[in-house]
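Given next are the chains, with one letter for each unit.
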Protein chains: 2
Amino acid sequence: MATLADIGLAAAINILSAFAFLLAFAFLRLQPINDRVYFPKWYLKGVRSSPSRSGNIVQKFVNLDWRSYLRFLNWMPEALKMPEPELIEHAGLDSAVYLRIYLIGLKIFIPITVLALAILVPVNWTNDTLATSKVVYSDIDKLSISNIPKGSNRFWAHIVMAYVFTFWTCYVLLKEYEIVESMRLHFIATERRRPDQFTVLVRNIPPDPDESTSELVEHFFLVNHPDHYLTHQVVYNANNLAKLVKKKKQMQNWLDYYQLKYNRNPSKRPTCKTGFLGLWGSTVDAIEFYISEIEKLSKEEIEREKVRKDPKSVVPAAFVSFRTRWGAAVCAQTQQTRNPTQWLTDWAPEPRDVYWQNLAIPFVYLTIRRLIVIVALFFLTFFYVIPIAFVQSLANIEGIEKAAPFLKKLIEKHVIKSFIQGFLPGIALKIFLILLPTILMFMSKFEGYTSLSSLERKSAGKYYIFLFVNVFLCSIITGTALQQLDVFIHQSPNQIPKTIGASILMKATFFITFIMVDGWAGIAGEVLRLKPLIIFHLKNFFLVKTEKDREEAMDPGSIGFDSSEPQIQLYFLLGLAYAVVTPFLLPFIIIFFGLAYVVFRHQIINVYNQEYESAAAFWPSVHGRIITALIISQLVLLGLLSTKNAAQSTPVLLALPILTIWFHLYCKNRYEPAFVKYPLQEAMMKDTLERAREPNLDLKAYLSNAYIHPVFKGGEEDDDFSIADEQEYEQVLVPTKRQSRKNTPVPSKYNGSSSPSLPDVAQEP
Amino acid sequence: MATLADIGLAAAINILSAFAFLLAFAFLRLQPINDRVYFPKWYLKGVRSSPSRSGNIVQKFVNLDWRSYLRFLNWMPEALKMPEPELIEHAGLDSAVYLRIYLIGLKIFIPITVLALAILVPVNWTNDTLATSKVVYSDIDKLSISNIPKGSNRFWAHIVMAYVFTFWTCYVLLKEYEIVESMRLHFIATERRRPDQFTVLVRNIPPDPDESTSELVEHFFLVNHPDHYLTHQVVYNANNLAKLVKKKKQMQNWLDYYQLKYNRNPSKRPTCKTGFLGLWGSTVDAIEFYISEIEKLSKEEIEREKVRKDPKSVVPAAFVSFRTRWGAAVCAQTQQTRNPTQWLTDWAPEPRDVYWQNLAIPFVYLTIRRLIVIVALFFLTFFYVIPIAFVQSLANIEGIEKAAPFLKKLIEKHVIKSFIQGFLPGIALKIFLILLPTILMFMSKFEGYTSLSSLERKSAGKYYIFLFVNVFLCSIITGTALQQLDVFIHQSPNQIPKTIGASILMKATFFITFIMVDGWAGIAGEVLRLKPLIIFHLKNFFLVKTEKDREEAMDPGSIGFDSSEPQIQLYFLLGLAYAVVTPFLLPFIIIFFGLAYVVFRHQIINVYNQEYESAAAFWPSVHGRIITALIISQLVLLGLLSTKNAAQSTPVLLALPILTIWFHLYCKNRYEPAFVKYPLQEAMMKDTLERAREPNLDLKAYLSNAYIHPVFKGGEEDDDFSIADEQEYEQVLVPTKRQSRKNTPVPSKYNGSSSPSLPDVAQEP
């Protein structure tokens, strides 16, 4: 049991280390040489350029102005200064709303902390249950609910506070949902014209023996949306081509590197090995090797042509654009044909948000894939210890000695031996945890989502489940998730909250330390950006030749919603679960949210470069997870109180989760549609405004190139796409190739598709 | 433990009683006097009229043709003769698809029974576990899984069969879903023009200070669906008026009755009492009393006018009609405004399917009401025994003696005493069970559904939950639902299937008897229609004067989906749960489904008169409940085998429910949209066809009277609704009363509403 002094010491150490990080950051960011690491966002926006070349060469790298060091914490108020509308303008709505998650944390927990410290701590403190009992206890326990005798009437204070906290949390959530909803709607209403406002992604286009996909799409929409259809773009399966392009770029990089090396030291021609990772294989002249490799890859050009010409490389998906936003909104929200697995329509993601690889997956596979991922996630969550334990068992002294006998002498040395024993088992787990977001992202990709934003949202959901089971549950009831599963299956359902409730009390000090190490120090480490800093300087030193190279060497990164949001959720869970039980934990949570808010606001303003804009589409899942945390905390309290012989409180507390679930359903019905659908009134308003402002807009030209696979977006391809004049479709019959086309194979007159024209592949029956 | 002989005896008794019912039916239906009881459907269709008046008077009432009695079971093949398309034509798709539920039962259970009897019964029979053990056992137990020794390898036969049965059930369900879906789509595609195809029900229209609801609706849809909006009808809150009309009709009925009585016996003027139910109060001349009462109620006319004139009686809901089915399909499937709780659009139910009372409930109340109903249903299911036990405790000898001491002498008599003791406690439960569907229907109405069909579907869901808990679970583990709840909460989750699995074996004979009594005899009783028979003859004797009265005295009834479907589901549950465990039960299930199919087919052809047509919208819930039964049966088998020391089978069996749930999700995605949405392609096809066939159709006139509250549909009201010519809306600005109307209060020029015009109620600001 940790005493208050222990906690104080730990806090001091962590505050100091966090402070050290912040100091290092304050120092490093002032050096001109690091400017591109700490302010990449401004470079990308074109506002900032490399430090001026005037002055002496030292000043180009090191900041010698001593006064600037005095104001080393200046970045904090500066980060808070930018008003929200400007922030949205600067970094996008996603980033601005992401920051509101931290703000919600503050809004929820500051009043709760004040109330809990003012009411619950005195109620807990003025008992002497622990003093008269024989258990070992610390001062923190005296502040917690464990200091209340069994069956005491004082528990009513806790029950009332549980109600107050629940209502306050729900109130904040409701208000926040309202604000985010109106921010999103306002953002969508005021944003300038974008291709995705007019475009719908159509998937699972059924094959047709008589017509190519492009013709089929055109005919289908001319018939079923005659007044609104404008044009469409078919999707090519360019995955192979994309791979080739990527490989060529890599080779080019290596070639550049060796040429640079050769230029610096012309006396020795660089060599490299042809085998795996350049570690073995025959040694060859590096420059010649890569030149020949690149030449080989020039079949890329052939592949590019092949993709364009081959009808088989057209996947059964298309981006269909409409004349009005109203038309697109209608098409996205309705079912097209009898068979709900064909002609699936959905809003097109932003062009840069499209995940091209998944566009071709048929419906049946999607459901099978989803089943597989659910099962895999279950095993990953509960059984991940098994492969790690296996690796750990291999990675011990005996295992290594067996595998590599020549190392025996080295290993037997005392220092190295203890290092391996102490370090290796941990590193297997650490590597797994670092890889985890990647694994989860892979699972989401396998599930078949078609936009990067939805991939990140789905990965975040999976990560939250993993963290809840393996960090929260397993820390409370010591043991692996697998053991928990076994225990829980064999326990009665009303025993589980009791088990958790009873152990949660004893883990308060552990979680306080966890918040300080993982939360405070982690956030302070985030602002330092040690990894991008090192990589940038390495690249800058070895590879950068031109200004453009330097641009590419910058790695601004992004928020990383898929891994960072579930971690915030963990703090919501801890805060809510301990609010009634051990209020002493709450100030630590508040400090975390406050620090994180400032740091991430700074990073979003100066560093991160968001790759896409989903207009805060993630908010419903954020809201849902906070609600989950709230319900878990209520169940835990219920279990805890029933172990405290306060059984008469059970029905009173049971009402809380029911009310909370009902509140969630209300919010879901009331607000979620705004994040999924696009109301017709809004669409009509925007259409009308635009028609009045720009009556002669050539929308077809505007949309013609919007949705092309990025590999086709080279320089020379632009000419291939003819920008046809808008044609008049009204009152015309739609020509079809079916039925009577044997004698008169008239090509489609209204080929609205702006994709490169394809050869006629219809088979004569 | 019942032996085979016991079962045989019970079966013989039940078969005989069922046979007696059928004989009585065969006899009664041939009497001309009962013709309207057993063939009302044909009368309502106008195909059949009262028996010919030729011949002597006896023949009018009694069938003297002895040959017809010889063919007394003839109705059975006749009921099967009508082909399905004709049946759909005759009785509607709902009825035809309802019959398919019984067919599915046959399709699922006949192959399962054959397989189980051929494979599992020999496997079970050729053991001697029971013979060597000391437990009392019957022959039926020798045929069941209880005859297999613990840990035997023979259990693999049962596991394999569980897989086979699951796959077969899923296959049948899949095929059936496919058939029903295409039947529904075909039905919708080929049915003639109906108002609901063009109409959308709009609810939660926000209040507007400047415009009346009617004007607001018109402007909103002219702006947001400019090319498609045609007309609309506002909804009046005519609930009070409807009550008055109903009361007046009742009074009229009594007046008729007394006048008839007076005519038959002119010597004595009939009298009646004015108090409650005519049991007490002052005695008055009946005819005069009712004449004056009816006069009083003529304020009805005033109320009718008041409703029409008073803008406050317009509820914030409207039926909006469109020019095309395409326009209506679009409006019904999309969100209209930012706020998803306003301007809620949904398919309009058929005019006769509308439940008018619920149209005015605001969105927030809907969610609160739903919460209340969920909680109420929980208490109803688990705690319904408490009030009944209370009533029962009152309804004993002592309670009655206390309440009514003057009855003491009578009660003390032996016969009456034993009658009260044996009968009264049971009757409280019986009354509750008879009232249950009404209670559940009331709960569904309270929840706020707006069509009769959805009310019936929702009540059916609630009834199924009640039956599952109180019939299935409580019969298996003897005790009330309340005791079960207590037991289950205190048991571990993997203990529950074990408890059920262990007891299910011993309850096989009970359920066999249950199937015979409740199933066989119940179905045979259904065909006899004893209650409508008696009521019809009473009415016929006392009230009927004209042919129209006789028409009204017929009570054809309807399928009663809300109470009959959950009862069928109980047999699916029993069949699936016992298929692997005690295959001997299966033949009884098959006989039930076969008999029920014939009987209900006969009733649907000759008796029932369906009030509305929902085009088989109930199928997804039927499918879902069979899947639920399948999953429950798998869990029970899992629990049973784990008590049989066949623990190694657990993972194999655990895969079954997961696969079944996945199958359900697949079906839900694949087929359910066809029951909820209306694909645009279908709508467009029907529109195009209609335009080609009837280019000059006056759709507005066709729709003008479609959605009026039934009380307004009297004779004289028809003239009030002017059938306006279709106006041209294209390219016109929509006049609004807002902003500048202070000076120029121009009335809306395009008042497309065909409701009676309302006075201008806009308040000057």
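- By the naming in an unreviewed UniProt entry, chain A is Calcium permeable stress-gated cation channel 1-like isoform X2, taken from Ananas comosus.
- Recorded in UniProt for chain A, the comment headed Sequence similarities (unreviewed entry) runs: "Belongs to the CSC1 (TC 1.A.17) family."
- Regarding chain A, the relevant UniProt record gives this comment under Subcellular location (unreviewed entry): "Membrane".

**Digging into the overall build of chain A**
Argument step 1. The helix and strand tally for chain A stands at 35 helices and 6 strands.
Argument step 2. Classification of the 765 residues of chain A by burial places 36% in the buried group.
Argument step 3. Long-range contacts, defined here as pairs at least 24 residues apart, represent 80% of the contacts in chain A between residues at least 6 apart.

**Description of the relation of the copies chain B and chain A**
Argument step 1. In screw terms, the move from chain B to chain A is a rotation of 180° and a rise of 0.0 Å along the axis, fitting with an RMSD of 0.1 Å. Here the symmetry operator amounts to a two-fold rotation axis.
Argument step 2. Comparing interface residues between copies, 100% of those in chain B also sit at the interface in chain A, which points to an isologous, same-surface contact.

**A short note on the interface of chain B and chain A**
Argument step 1. Listed as interface residues are 35 residues of chain B and, on the opposing side, 35 residues of chain A.
Argument step 2. When residues of the side of chain B that touches chain A are traced back to their parent elements, those giving at least two are α13 (213–224), α17 (325–333), α18 (363–383), α32 (650–671), α33 (673–676) and α34 (680–693) of chain B.
Argument step 3. Counting residues per element, the side of chain B that touches chain A draws most heavily on α32(B), at 5 residues.
Argument step 4. For the side of chain B that touches chain A, the class distribution of residues is 16 nonpolar, 14 polar and 5 charged.

**What to know about the sheet that holds strand β6 (residues 344–347) of chain B**
All names here are of chain B.
Argument step 1. On the basis of which strands lie adjacent, the open sheet formed by 4 strands has the order β2-β5-β1-β6 and antiparallel pairing. Strand pairing shows two members of the sheet lacking a second neighbour, β2 (229–236) and β6, which therefore form its edges. Averaged over all adjacent pairs, the angle separating strand axes in this sheet is 30°, with direction ignored.

**A word on the environment of B:Tyr449**
Argument step 1. Structurally, B:Tyr449 can be placed in the loop between α22 (414–447) and α23 (452–476).
Argument step 2. Excluding residues that lie within four positions of it along the chain, B:Tyr449 makes contacts with B:Tyr355, B:Asn358, B:Ser444, B:Ser454, B:Leu455 and B:Lys458.

**Side note on helix α18 (residues 363–383) of chain A**
Residues and elements named next belong to chain A.
Argument step 1. A rise of 1.5 Å per residue sets the reference length of α18, with its 21 residues, at 30 Å; its end C-alpha atoms lie 30 Å apart and thus fit the reference within 8%.
Argument step 2. Every buried residue of α18 is accounted for by Leu366, Thr367, Val373 and Leu380. Viewed along the axis of α18, the buried residues span an arc of 150°, placing them on a single side of the element. Exposed side of α18, more than 90 degrees from the buried face: Val364, Ile368 and Phe379 are the residues found there.

**Some remarks on the environment of A:Val607**
All names here are of chain A.
Argument step 1. Its place among the elements puts Val607 in the loop between α30 (586–606) and α31 (619–643).
Argument step 2. Through-space distance from the C-alpha of Val607 to that of Tyr43 is 9.5 Å; in sequence the pair is 564 residues apart.
Argument step 3. Apart from the residues lying within four places of it in its own chain, the contact partners of Val607 are Tyr38, Pro40, Lys41, Pro556 and Gly557.

**A closer look at the sheet that holds strand β1 (residues 199–203) of chain A**
All names here are of chain A.
Argument step 1. Strand order in this open sheet of 4 strands is β2-β5-β1-β6, and the pairing throughout is antiparallel. If you trace the sheet from one side to the other, it starts and ends with β2 (229–236) and β6 (344–347), each paired once. Between one strand axis and the next, the sheet turns by 30° as a mean value, whatever way the strands run.
Argument step 2. With 4 bridges connecting them, β1 and β6 associate as antiparallel partners. Pairing of Leu201 across the sheet is with Asp346, part of β6.

**A word on the nonpolar core**
All names here are of chain B.
Argument step 1. One finds Leu574, Leu585, Ile589, Phe592, Ala596 and Leu637 to be the most contacted residues of the largest nonpolar core, which totals 116 residues.
Argument step 2. Mapping this core onto the domain boundaries places at least three of its residues in each of domain 1 (4–49 + 70–192 + 468–655) and domain 3 (363–447).
Argument step 3. Among residues more than four places away in sequence, those in contact with Leu637 are Ala162, Gly501, Val580, Val581 and Leu653.

**Looking at the confidence of the model for chain A**
Residue and element names in this part refer to chain A.
Argument step 1. Taken over all residues, the pLDDT of chain A has a mean of 78, while the share at 70 or more is 78%.
Argument step 2. In this model, residues 715–734 is a region of pLDDT below 50 whose contacts with residues beyond four sequence positions or in other chains number 17 contacts.
Argument step 3. The model gives residues 739–765 a pLDDT under 50, and that stretch makes 40 contacts with residues more than four places away or in other chains.
Argument step 4. Interface scoring of the predicted complex returns ipTM 0.75; its pTM is 0.79.

**Considering the pairing of β1(A)**
All names here are of chain A.
Argument step 1. The buried fraction of β1 amounts to 5 of the 5 residues, a majority that puts the element mostly inside the structure.
Argument step 2. Residue alternation in β1 divides its side chains into two sets, Thr199, Leu201 and Arg203 and Val200 and Val202, and both sets are buried.
Argument step 3. One ladder, built from 4 bridges, connects β1 with strand β5 (residues 314–322); its direction is antiparallel. Within the sheet, the bridge partner assigned to Thr199 lies in β5 and is Ser321.

**As for the packing of helix α14 (residues 239–264) of chain A against helix α15 (residues 286–296) of chain A**
Residues and elements named next belong to chain A.
Argument step 1. Closest axis-to-axis distance for the α14/α15 pair is 9 Å, and the angle between their directions is 155°. On the basis of their axis angle, the class for α14 and α15 is roughly antiparallel. As for the relative orientation of α14 and α15, their crossing is left-handed in sense. Here α14 contributes Lys248, Met251, Gln252, Trp254, Leu255, Tyr258, Gln259 and Tyr262 to the contact with α15, which in turn contributes Ala286, Ile287, Tyr290, Ile291, Glu293 and Ile294.
Argument step 2. In terms of residue class, the contact of α14 with α15 is made up of 10 nonpolar, 2 polar and 2 charged.

**Digging into unusual backbone geometry**
Negative phi characterises most residues that are not glycine, and trans characterises most peptide bonds.
All names here are of chain B.
Argument step 1. With phi around 55°, Asn204 is a residue other than glycine that occupies positive phi space.
Argument step 2. By the secondary structure assignment, Asn204 is in the loop between β1 (199–203) and α13.
Argument step 3. Residue classification places Asn204 among the partly exposed residues on the basis of 19 C-beta atoms within 10 Å.

**Here we look at the pairing of β5(A)**
The two faces of the sheet receive side chains in turn, since in a regular strand these alternate between them.
All names here are of chain A.
Argument step 1. The buried fraction of β5 amounts to 8 of the 9 residues, a majority that puts the element mostly inside the structure.
Argument step 2. Alignment of β2 against β5, held across 7 bridges, turns out to be antiparallel. Paired with Val235 across the strands is Val315, a residue of β5.

**Some points on the environment of A:Val172**
Residues and elements named next belong to chain A.
Argument step 1. Residue position: Val172 is located in helix α11 (residues 155–190).
Argument step 2. In this structure Val172 comes out as buried when scored by C-beta crowding, with 20 C-beta atoms within 10 Å.
Argument step 3. Along the sequence, Val172 and Ile500 sit 328 residues apart, while their C-alpha atoms lie 27 Å from each other.
Argument step 4. Apart from residues lying up to four places away in sequence, Val172 is in contact with Ile104, Lys107 and Ile108.

**Overview of the packing of helix α29 (residues 561–579) of chain B against helix α30 (residues 586–606) of chain B**
Helix-helix packing is characterised by the crossing angle of the two axes and by the distance between the axes.
All names here are of chain B.
Argument step 1. Look at α29 against α30: their axes get within 10 Å of each other, and the N-to-C directions meet at 155°. With respect to α30, the element α29 is oriented roughly antiparallel. At the point where α29 passes α30, the crossing takes the left-handed sense. Residues Tyr571, Leu574, Gly575 and Ala579 of α29 lie in contact with α30, whose contacting residues are Leu586, Ile589 and Phe592.
Argument step 2. Of the residues in the contact of α29 with α30, the class split is 6 nonpolar, 1 polar and no charged.

Conventions and cut-offs
- Throughout, residues of each chain are indexed from 1 in the direction in which the sequence is written.
- All chains are assigned letters beginning with A, and all ligands numbers beginning with 1, in the order in which they are written.
- It should be noted that, the model being predicted, local features are given only for residues of pLDDT at least 70 and side-chain atom pairs only at 80 or more, the latter also being counted only at that level, while totals for whole chains, interfaces and linings use all residues.
- UniProt positions are given in the numbering used here, feature names are shortened, and annotations may be inferred rather than shown by experiment.
- Secondary structure elements are defined from DSSP: runs of H or I of at least 4 residues count as helices, runs of E of at least 2 residues count as strands, and each element is numbered from the N terminus.
- Exposed residues have 12 or fewer other C-beta atoms within 10 Å of their own C-beta, buried residues have 20 or more, and residues in between are partly exposed; the C-beta atoms are placed from the backbone.
- For the purpose of contact definition, each residue receives a C-beta atom placed from its backbone, and two residues are in contact when these atoms lie within 7 Å.
- Least squares is the method used to superpose the copies, on C-alpha atoms of residues holding a pLDDT of at least 70 in both.
- The residue classification treats Ala, Val, Leu, Ile, Met, Phe, Trp, Tyr, Cys and Pro as nonpolar and Asp, Glu, Lys and Arg as charged. All others, Gly included, are polar.
- Here, any two strands with at least 2 DSSP bridges between them count as paired.
- An axis is simply a line fitted to the C-alpha atoms; with a helix, the fit covers only the stretch in contact. Between two such axes, the angle follows the N-to-C directions and lies from 0 to 180 degrees.
- Each residue after the first adds 1.5 Å to the expected span of a helix.
- Along the arc lie the directions from the helix axis toward the C-beta atoms.
- For this analysis, nonpolar core means a set of buried Ala, Val, Leu, Ile, Met, Phe, Trp, Tyr and Cys residues linked through C-beta atoms within 7 Å.
- For every domain, the bounds stem from an assignment made automatically or drawn from a database.
- On a scale of 0 to 100, pLDDT captures the predictor's confidence in every residue.
- Each angle is binned into one of four classes, with values under 35 degrees roughly parallel, values over 145 roughly antiparallel, values of 65 to 115 roughly perpendicular, and all other values oblique.
- With the far helix as reference, a near helix turned anticlockwise by less than a right angle produces a left-handed crossing, and one turned clockwise produces a right-handed crossing.

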